[in-house]
Amino acid sequence: MRVDGKGRIDRSATRSFSFAGKSYQGFAGDTLASALLANDVRLMGRSFKYHRPRGVLTAGSEEPNALVTIGSGAGQEPNVRATMQELYEGLEARPQNAWPSLDWDVLEINDLISPFLSAGFYYKTFMWPKAFWEKVYEPFIRNAAGLGALSGSDDADKYDKAFAHCDVLVIGAGPAGLMAARMLGLAGLDVILADESWELGGRLLSETEEVGGQAGSDWAAGVAADLGDMPNVRVMTRTTVTGAYDGGIFGALEKVGHHGPVPNGAPRETFWRIQTKRAVLAAGALERPIAFANNDRPGVMTAGAVRTYLNRYGVAPGRKIAVFGNNDDAHRTAMDLQDAGVEVAAVIDSRDDVSVPVDAKVMAGARVVGTKGRLGLREIMIDTGRGVRPLQVDCLAVSGGWNPSVHLTCHMNGRPVWEPSIASFVPTPGAVPGLVACGSAAGDMATADVLASAARVASDIAADLGKSAPTAELPEAEGHVYAIEPLWDAGGKGRAWLDFQNDVTTKDVRQAAKENYASVEHMKRYTTQGMATDQGKNSNVAALAVLADATGRGIPETGTTTFRPPYSPVALAALGAGAKGKGFAPERLTTSHAATVARNAPMIEAGLWYRPSYFPQAGETTWRESCDREVGWVRDAVGVCDVSTLGKIDIQGPDAGAFLDFVYTNTFSTLKVGKVRYGLMLREDGHVMDDGTCARWGDTHFVMTTTTAAAGQVMKHLDYVHQCLRPDLDVSIVSATEQWAQFAVAGPKSRDLLNALLDAPIDNESFPYMGCGPVSVAGVAGRLFRISFSGEHAYEVAVPARYGDSLFRMLVAQAEALGGGAYGMEALNVLRIEKGFITHAEIHGRTTAFDIGMGRMVSSKKDCIGQTMAARPGLVEDREELVGFRPARPTGKLLAGAHIYPLDGDAVRERDQGYITSVAYSPTVGTDIALGFVRNGRNRMGEKLRMMDHLRGEETLVELCDPVFVDPEGGRLRG
Amino acid sequence: MKISCPICGDRDIREFTCMGHASMLNRPDPHAGAKVWNEYLHNRENPAGVIDELWWHGQGCGAWLVVTRNTVTHEILGARLARDVKKEMRDAG
Ligand SMILES: [Zn+2]
């Protein structure tokens, strides 16, 4: 219910929303949780395992119970904490993990059979029979498990990632963070202050205490205004720092579009990487509950959360409230409630000597040991030390003490240390280099101490970064001594919850200890404590305290499990922002792309490039028809193909020739200017890396081509060889792949075609086979290479990329006039297989120069990369060698990937003779043809063998042949 | 994390690729024998502590660097151009 005169909500701005199909009203400044409590809705969810009715436990991001689904359709978001969801007009929230309704949930049956579902249940029950695991158990568990559900459709919402740099990142904008940020800002440092809430102030927004003679929230607002005036301070609200990483980098999630309709063009969330020199952890502390029987009913919540609902949101979470604690801080809840006119039924303190300045009944040395109320708290049972008596209440505020938020200090393997005075863990200094904790995160509990430690940390950091911070003027603040006597398990008849989200009870932890899962890491995995989405924020310390008790060890000896990033859940959509679809694999398009697509050519991917498969013509119904026609054009007339995707590397310098001699197996320093040579490149381990042509453009200038697939790898390799192995060579290397558009013009009429476009005609003298030189193409300075990947009289003509589109159109028009035209990758592949030219299907990383029949290309007269290792035993004899295959019968089918076996005996691995790498139907030969490798194949020409494709169930009788199927003498090349 | 490229300055680590131990700079003589070559190609020190590694600034200037870093703390202790390191090695014989 609302409490008049309390809260920071705007009562003039009502907000309509719905939960579980019912409509409600709240105010601007509410969270979904506070608005539901204001409407007396206590039941907000069902627990994970037992489907127990649950209400809100906290008022922050650590909330384990009140998880809801927001929105519907593709963008619906599950597992949103009602405590963090800002209320907006039209908000639609749905409960999770309950069917058919929140009030009547069928799987509540799990709660009745809970004795069978305790820790280790899955491990013990689903052990056998083994076959049941996949078919029965796992589907059953998967169906019952999990909290909210995704829509299953593509999320159309926009997510973003961003980068920020600063001197100091201040994490948390409570009293410590505000104090530190202001001092660091005044010192002139570049500061980012991040806080998960939409308003700065932290706990000061939830308390009635004064700072500097004014309301704490007013002091916070004043500092916030100061920070707003500093150009060197960036304030990031709704931003959770989720992880600490190497080198001063922090991850942070900014919720940009969760508090209302997403503004036009804005993302829902932005994932930030923040590069810092120093960071201040001012993340405060989280209150922990106390375990007692049935402590999980809606209406039982932390004492600090009750103050937050009352003071920040103007909501009393009950009409008759009891307070139960083991520390003085809990008493503030009773006092605040009484001051606001809410009935306090009792203050129950487990310590013997306590006095609380309230009118309510104060029960010292007493404990709450049980609760009643099916869908919400109705009654608590109090063990007064002289017997158990009931008390009618509808809300119980519990405080087991406060745990400093040490999480980020553990992200690089740091372990927090036990501090007995606050019965909790505090950060180990230096656990994350550059990150210093202050305030409650460092274990300071009184506001005066918090401000003092923040000021101290800020001036140390400022001095460290060469600035002097102004003398801290510490505002007057509350300075109580935080007195606490540990109480972890108050007992009672029935299960007492530790981990609300994963339904782990004190009994589960004790059972784990009994079954010898006594190490804290084992206990965690056996019981699943701390493994839910809240990462054990509410339960870790209490669970290990119960474990310590069960094993008879102390808490420091028991230790903690490791907190890992993220601090609170981060949507994968935010982490992967920008990396979906084309963001994951950008398109590289050639200059002929538009003209190619206009001719209806189906495009295939070659790495990131897109290249045409074939250019269909009217009447053709299969790709083979188009491909055969294009092959015929090249063999009989002329074809044009964009080969710009091949790597082009420009190599210049006095030592360019020597450099190429070192990276290629064969010699290039002797190549004459105006000539092209085929080159083979090895890896240092002696296997083939890549092949291609290299042209000598001038005395000190070479132009290298690589395969499309290896262009990047070869460029990197050349840089490596030059910089790491041969910096003595005076040579410069640069990739020019994108700068030149290059087209193959292939076929008996290729020279006729070119002469129609070249400003000065060429002939066999000026451009013999393997010649190269500058040409003028329709007035544009270009390059011409007489090289062939088809076995035909062919050229490659290159112009600066900006002329690529028009040159392609001109070349194709000329080719068509000569009875040919454009050809695609399918035809290119057929043409090269017919000639026995290799690609990365053959040089796949395990083949040597010897294997592909180029052993003699590895010059022994000079050193080159891979030369020594290529000569080692095992790489030069008894190898699988490159051969051609023909089907023994003309209709026989050949398949790439199939293996080769002897004619007699079984086709089993031990008898494997080799494999097929490339297959094409050759319109020139009239049958399927193939390339591949067969053991000692060069000496087995004419032998008949079995091709077996075990995957596709095909078998063909094949005959080994020379890998060159067409024009083995090469007469056409020179024509 | 950042690596200070001698050419580009402080750059995000994602612009670089780790290319293995800097012992790759010590390419043996072609006739050094199988044992030496096997050692060069296949065996690497993998210390818990300070290591010299080759890193390639592929998303930047293309320089190959010798980066000194601590494999335990992930601290980057320095970066030099591999060509300078190699030249020094040659000069030192
Ligand atoms: Zn660089």
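Residues numbered from 1 in each chain as written. Chains lettered and ligands numbered in written order. Predicted model: local features only at pLDDT ≥ 70, side-chain atom pairs only at ≥ 80, totals over all residues. Heavy atoms only, no water.

## Structural notes on the overall build of chain A
Phase 1 of the analysis: Helix and strand content of chain A: 23 helices and 51 strands.
Phase 2 of the analysis: In summary, chain A has a C-alpha radius of gyration of 38 Å against a globular reference of 30 Å for 975 residues, an excess of more than 25%.
Phase 3 of the analysis: Over its C-alpha atoms, taken along the principal directions, chain A stretches across nearly 110 × 70 × 55 Å.
Phase 4 of the analysis: Buried positions account for 58% of the 975 residues belonging to chain A.
Phase 5 of the analysis: Once local pairs closer than 6 in sequence are excluded, the contacts in chain A between residues at least 24 apart make up 67%.
Phase 6 of the analysis: As presented, chain A carries roughly 38400 Å² of accessible surface, and 52% of it is formed by carbon and sulfur atoms.
Phase 7 of the analysis: Each charge sign in chain A was given a centre, from 99 positive and 116 negative side chains, and these centres are 4 Å apart. (Helix = DSSP H or I, 4+ residues; strand = E, 2+ residues; numbered from the N terminus. Rg over C-alpha atoms; globule rule 2.2 N^0.38 Å. Buried < 20%, exposed > 50% of the residue type's maximum accessible area, 1.4 Å probe, protein only. Contact = heavy atoms within 4.5 Å. Areas by Shrake-Rupley, 256 points an atom, 1.4 Å probe, with all protein chains shown as cover. Lys, Arg positive; Asp, Glu negative; His and termini not counted. Charge placed at Lys NZ, Arg CZ, Asp CG, Glu CD.)

## Here's the deal with empty space enclosed by the protein
Residues and elements named next belong to chain A.
Phase 1 of the analysis: Using the criterion set out here, one finds 5 cavities of 30 Å³ or more in the structure.
Phase 2 of the analysis: Size it by volume and the largest cavity reaches roughly 140 Å³.
Phase 3 of the analysis: Around the largest cavity sit 17 residues that line it, and Asn403, Pro404, Val406, Val541 and Phe563 are the ones nearest its centre.
Phase 4 of the analysis: Per element, the largest residue contribution to the lining of the largest cavity is 3 residues, and it comes from helix H12 (residues 540–551).
Phase 5 of the analysis: Residues that form the lining of the largest cavity fall into these classes: 8 nonpolar, 8 polar and 1 charged.
Phase 6 of the analysis: A volume near 70 Å³ is recorded for the second largest cavity.
Phase 7 of the analysis: Within the lining of the second largest cavity, the residues separate by chemical class into 5 nonpolar, 5 polar and 2 charged. (1 Å grid on protein atoms, 1.4 Å probe; cavity = no way out; pocket = protein on both sides within 12 Å on 5 of 7 lines; lining within 4 Å. Points joined across faces, edges and corners; volume = space filled by probe spheres on them. Nonpolar A, V, L, I, M, F, W, Y, C, P; charged D, E, K, R; others polar.)

## So, the packing of helix H19 (residues 750–757) of chain A against helix H20 (residues 804–817) of chain A
Residues and elements named next belong to chain A.
Phase 1 of the analysis: The geometry of H19 relative to H20 is characterised by a closest axis approach of 10 Å and an angle of 130 degrees between their N-to-C directions. Classified by the interaxial angle, the pair formed by H19 and H20 is oblique. When the axes of H19 and H20 are compared, the crossing they make is right-handed. When H19 is examined against H20, the residues Leu753, Ala756 and Leu757 are found in contact with a partner set consisting of Leu807, Met810, Leu811, Gln814 and Ala815.
Phase 2 of the analysis: Looking at side-chain class alone, the contact of H19 with H20 contains 7 nonpolar, 1 polar and no charged residues. (Axes fitted to C-alpha atoms, helices over the stretch in contact; angles between N-to-C directions. Parallel < 35°, antiparallel > 145°, perpendicular 65-115°, else oblique. Left-handed = near helix turned anticlockwise from the far one by under 90°.)

## Details of the confidence of the model for chain B
Phase 1 of the analysis: A residue-level look at chain B finds 100% of positions with pLDDT of 70 or above and a mean pLDDT of 95.
Phase 2 of the analysis: This prediction of the complex comes with two scores: 0.89 for pTM and 0.98 for ipTM. (pLDDT = per-residue confidence, 0-100.)

## Side note on the interface of chain B and chain A
Phase 1 of the analysis: With 26 residues of chain B at the contact, the number on the chain A side is 27 residues.
Phase 2 of the analysis: Counting the surface lost from both chain B and chain A, the interface buries some 2300 Å², and carbon and sulfur atoms represent 59% of this.
Phase 3 of the analysis: Counting the surface chain B buries against chain A, the share from its top three residues, Met1, Arg27 and Trp64 of chain B, is 27%.
Phase 4 of the analysis: Put simply, Arg27 of chain B and Glu684 of chain A hold a salt bridge, and the shortest N to O gap is 2.5 Å. (Buried area = accessible area lost by both parts, 1.4 Å probe. Salt bridge = Lys/Arg side-chain N within 4 Å of Asp/Glu carboxyl O.)

## A short note on the packing of aromatic side chains
Phase 1 of the analysis: Within the structure shown, the criterion is met by 14 aromatic pairs over all chains.
Phase 2 of the analysis: For the ring pair Tyr664 of chain A and Phe668 of chain A, a centre distance of 4.4 Å and an interplane angle of 25 degrees mean the geometry is stacked.
Phase 3 of the analysis: When the ring of Tyr720 of chain A is compared with that of Trp64 of chain B, the centres are 5.0 Å apart and the planes differ by 55 degrees; the resulting orientation is tilted. Here Trp64 of chain B lies in strand E5 (residues 64–70) and Tyr720 of chain A lies in helix H18 (residues 711–725), a pairing that spans two chains. Side by side, Tyr720 of chain A and Trp64 of chain B carry an identical accessibility label, which is buried.
Phase 4 of the analysis: Taken together, the aromatic side chains of Tyr720 of chain A together with Trp56 and Trp64 of chain B make up a single cluster linked through ring pairs.
Phase 5 of the analysis: Over the ring of Phe662 of chain A we find Arg726 of chain A, and its NZ or CZ is 5.0 Å from the ring centre. (Phe/Tyr/Trp six-rings, centres within 6.5 Å; stacked < 30°, edge-to-face > 60°. Lys NZ or Arg CZ within 6 Å of the ring centre and 35° of its normal.)

## Observations regarding the packing of helix H7 (residues 303–311) of chain A against helix H8 (residues 329–339) of chain A
All names here are of chain A.
Phase 1 of the analysis: Where H7 meets H8, the closest approach of the two axes is 9 Å, and the angle between their N-to-C directions is 30 degrees. As the angle between them shows, H7 and H8 are arranged roughly parallel. The element H7 and its partner H8 pack so that their crossing is left-handed. Each of Ala303, Gly304, Val306, Arg307, Leu310 and Asn311 in H7 lies in contact with H8, whose residues at this interface are Asp329, Ala330, Arg332, Thr333, Asp336 and Leu337.
Phase 2 of the analysis: Taken together, the residues that form the contact of H7 with H8 break down as 5 nonpolar, 3 polar and 4 charged.

## Re the coordination of the zinc ion
Residues and elements named next belong to chain B.
Phase 1 of the analysis: Coordination of the zinc ion by the protein involves Cys5 (SG), Cys8 (SG), His57 (ND1) and Cys61 (SG), with metal-donor separations of 2.1 to 2.3 Å.
Phase 2 of the analysis: Coordination geometry of the zinc ion: the 4 donor atoms subtend angles of 102 to 113 degrees at the metal centre, consistent with an arrangement described as tetrahedral.
Phase 3 of the analysis: The sequence motif formed by the donor residues of the zinc ion is C-x2-C-x48-H-x3-C. You can see Cys5 sitting in strand E1 (residues 2–5) and its partner His57 sitting in the loop between strand E4 (50–56) and E5, a full 52 residues away along the chain. The burial state of Cys5 is the same as that of His57; both residues are buried. (Donors = N, O, S within 2.8 Å, 3.2 Å for Na, K, Ca; no water. Tetrahedral: all angles 85-135°; square planar, octahedral: opposite > 155°, others 65-115°.)

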